[in-house]
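Coordinates in review
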Amino acid sequence: MNGGQDLGGTHGHGPLMQEPDEPVFHADWEKRAFALTLAMGRPGGWNIDMSRFARENRPPQEYLSMSYYELWFYALETMLKERDLVSDDEIASGHALGPPKPVKRTLSVGDVGQVLYRGGPTERDTNTTAKFKAGDRVRAKKINPVTHTRLPRYVRGRAGTIERVIGCHVFPDSNASGAGENPQWLYTVRFDGPELWGEGADPSVKVSIDAWEPYLEPA
Amino acid sequence: MSGHDHDDHHHDHDHSELSETELRVRALETVLTEKGYVDPAALDLLIETYEKKVGPRNGARVVARAWADPAYRARLLKDATPAIAELSYAGRQGEHIVAVENTPKLHNMVVCTLCSCYPWPVLGLPPVWYKSAPYRSRAVSDPRGVLADFGVTLPKDTEIRVWDSTAEIRYLVLPMRPAGTEGWSEEKLADLVTRDSMIGTGKPKQPLEPT
């Protein structure tokens, strides 16, 4: 979706603010929101692409005025409510108002280390052949899906060079909507600064994205 | 709003908003715990892991080893995920890591314009600026300007390569080893490696700077 999250090349966001000796979390609620989000991934049954879409799928003015952990937390509420795991009444009252919905599994304290260490690799076996190879010229397609995508607006319609064939990876555009992993070949595509930002842009700048094959066409 | 006679309106407003979210987080944790969906001890361990165990000191050890051991450096640049796992760093948000090396002719810098993808096992959770709109918007269109904000100036003919983390590949910058560190131990070298130098928005400390 062309939402508030797609920030590359946009203007007016003000100066960069650095914080010396920044703590990992800035408030206790941030810690709990972070941990709840990680822990509920198991019983919730959603995937990372669904989480990202739940965070970005809101009016841009809201997205831009919320902090990172606010985006995480309200996305968590959304995903829990969509799956009937909690209700608005329960959040308002602060207590469970009915029996739990059966879930496949939860995250026990004994599993935390192993679950984090394993992570969620997204590379998949395939019997297909990659359409492009390193050095090929490609163009990012002009697409404007209202659903989740990982093709940023600033490269759409721009020509670049395949730098690396990464492998076959879960395709977020499918995975976010529940349509399955639909693995696709993934490439690192490098663009010249002036191709992205126009004549006169710094020619010493190159920008790359990682793009799945359905985002690309030969140039 | 609380209705106090408050002259600092903005502050009061921020405070009320935070409190509302804080109350909702507490309420949700209670509901999820009562329903048996979460184990509060697991939540505590998740927090402790990212506050105390997983952070940029991990990445600094990787970089220091690459500086000290040419064979390790070669493995890291060829396939970073197993090379990093040699030091027991792996997993969530670092399932597929690529290390990119700075040289006198090439400077690498990492961003995620679409959210805040970041190599957790080696750098921990991202700082606020990395997740912020000012960084995510400008890193791809004006990286030299962003670097200047970080106090980093590069020769005009140094190529700047920005890696926008749009997929599940996570990038770790291997900064240049500071001069004057010949023969240093890995431990001592690791003290020179800053978080920002591994994102590409900073340089390592120099041997004479206080560490």
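Computed from a predicted model, the values in this text were never measured in an experiment. Per-chain numbering applies: the sequence of each chain, read as written, is numbered from 1 onward. As a convention, the first chain written is A and the first ligand written is 1, with the rest following in written order. The predicted origin of the model limits local features to residues at a pLDDT of at least 70 and limits the giving and counting of side-chain atom pairs to 80 or more, whereas totals for whole chains, interfaces and linings rest on all residues.

Once that is clear, we can look at the overall build of chain A. Strands here are runs of E lasting at least two residues and helices are runs of H or I lasting at least four, both read from the DSSP assignment and numbered beginning at the N terminus. When helices and strands are counted, chain A shows eight helices and five strands. Secondary structure elements of chain A, listed N to C terminal, follow the sequence α-α-α-α-α-α-β-β-α-β-α-β-β. Here the C-alpha coordinates of chain A stretch approximately 60 × 50 × 35 Å along the principal axes. Partly exposed residues are those whose C-beta has more than 12 but fewer than 20 other C-beta atoms within 10 Å; 20 or more makes a residue buried and 12 or fewer makes it exposed, with C-beta atoms placed from the backbone. Taking all 219 residues of chain A together, the buried fraction comes to 39%.

Moving on: helix 2 (residues 40-53) of chain B. Multiply 1.5 Å by the residue count of a helix minus one, and that product is the helix's expected span. The end-to-end C-alpha distance of helix 2 of chain B, which contains 14 residues, comes to 19 Å, matching closely the 20 Å that a straight helix rising 1.5 Å per residue would cover. The set of residues buried in helix 2 of chain B consists of Ala42(B), Leu43(B), Leu45(B), Leu46(B) and Tyr50(B). Along the axis of helix 2 of chain B, the buried residues cluster in a sector spanning 165 degrees; they form a single face. Turned more than 90 degrees away from the buried face of helix 2 of chain B, the exposed residues are Ala41(B) and Lys52(B). The inward-facing, buried residues of helix 2 of chain B contact helix 1 (28-44) and helix 6 (112-118) of chain A. The arc in question is the one traced by the directions running from the helix axis out to the C-beta atoms. Here, residue contact means that the backbone-derived C-beta atoms of the two residues sit within 7 Å.

On to the domain arrangement of chain A. Residue and element names in this part refer to chain A. What fixes the domain bounds is an automatic or database domain assignment. For chain A, the assigned domains are domain 1 (28-118) and domain 2 (137-218). The C-alpha centroid of domain 2 is placed 29 Å from the C-alpha centroid of domain 1. Counting from both sides, the interface comprises five residues of domain 1 and, opposite them, four residues of domain 2. Here the term charged refers only to Asp, Glu, Lys and Arg, the term nonpolar to Ala, Val, Leu, Ile, Met, Phe, Trp, Tyr, Cys and Pro, and the term polar to all other amino acids, Gly among them. Among the residues making up the side of domain 1 that touches domain 2, the classes are represented as two nonpolar, one polar and two charged.

Right, let's talk about the interface of chain A and chain B for a bit. Counting from both sides, the interface comprises 71 residues of chain A and, opposite them, 66 residues of chain B. Within the residue set of the side of chain A that touches chain B, elements represented by two or more residues are helix 1, helix 4 (68-82), helix 5 (88-93), helix 6, strand 2 (159-169) and strand 4 (205-212) of chain A. If DSSP finds at least two bridges between two strands, the strands pair. Where strand 4 of chain A lies against strand 3 (residues 159-164) of chain B, five bridges are found, and the strand directions are parallel. Its bridge partner lying in strand 3 of chain B, Lys206(A) is registered against Arg161(B).

Residue and element names in this part refer to chain B. For helices, the axis comes from a line fit to the C-alpha atoms of the stretch in contact; other axes are also lines fit to C-alpha atoms, and the angle between any two N-to-C directions lies between 0 and 180 degrees. Running from N to C, helix 3 (residues 56-68) and helix 4 (residues 70-78) point in directions that differ by 125 degrees, and their axes come no closer than 5 Å. In this view, helix 3 runs oblique relative to helix 4, as classed from their interaxial angle. Packed against helix 3, whose contacting residues are Val-62, Arg-65 and Ala-66, the element helix 4 presents Tyr-72, Arg-73 and Leu-76 at the interface. Residue classes in the contact of helix 3 with helix 4 are distributed as four nonpolar, no polar and two charged. The labels follow the angle: roughly parallel below 35 degrees, roughly antiparallel above 145, roughly perpendicular from 65 to 115, and oblique for the rest.

Let us now look at the packing of helix 1 of chain A against helix 2 of chain B. Look at helix 1 of chain A against helix 2 of chain B: their axes get within 9 Å of each other, and the N-to-C directions meet at 110 degrees. As the angle between them shows, helix 1 of chain A and helix 2 of chain B are arranged roughly perpendicular. In this structure, helix 1 of chain A meets helix 2 of chain B at a crossing whose hand is right-handed. On helix 2 of chain B, the residues that touch Lys31(A), Arg32(A), Phe34(A), Ala35(A), Leu36(A), Leu38(A) and Ala39(A) of helix 1 of chain A are Ala42(B), Leu43(B), Leu46(B) and Ile47(B). Here a crossing is called left-handed whenever its near helix is offset anticlockwise from the far helix by less than a right angle, and right-handed whenever the offset is clockwise.

This paragraph deals with unusual backbone geometry. With a phi angle near 50 degrees, Asp21(A) is a residue other than glycine that sits in the positive phi range. With respect to the helices and strands, Asp21(A) occurs in the segment before helix 1. C-beta crowding within 10 Å serves as the criterion here: with 4 such atoms nearby, Asp21(A) is assigned to the exposed category. Even without a glycine there, the phi angle at Gln93(B) is positive, about 60 degrees. Tracing the chain through its elements places Gln93(B) in the loop between helix 5 (80-85) and strand 1 (96-101).

Residues Leu36(A), Ala39(A), Ala211(A), Leu46(B), Val63(B), Val162(B) and Leu172(B) are the most contacted members of the largest nonpolar core, which totals 108 residues. In contact with Leu172(B), not counting residues within four places along its chain, are Gly59(B), Ala80(B), Ile97(B), Ala99(B), Pro119(B), Val122(B) and Met198(B). As used here, a nonpolar core is made of buried Ala, Val, Leu, Ile, Met, Phe, Trp, Tyr and Cys residues. They are joined through C-beta atoms within 7 Å.

Residue and element names in this part refer to chain B. Looking at the secondary structure, you find Arg-24 in helix 1 (residues 9-34). Accessibility expressed as a C-beta count within 10 Å gives 19 for Arg-24, which makes it partly exposed. Along the chain, Arg-24 and Ala-68 lie 44 residues apart, while their C-alpha atoms are 49 Å from each other.

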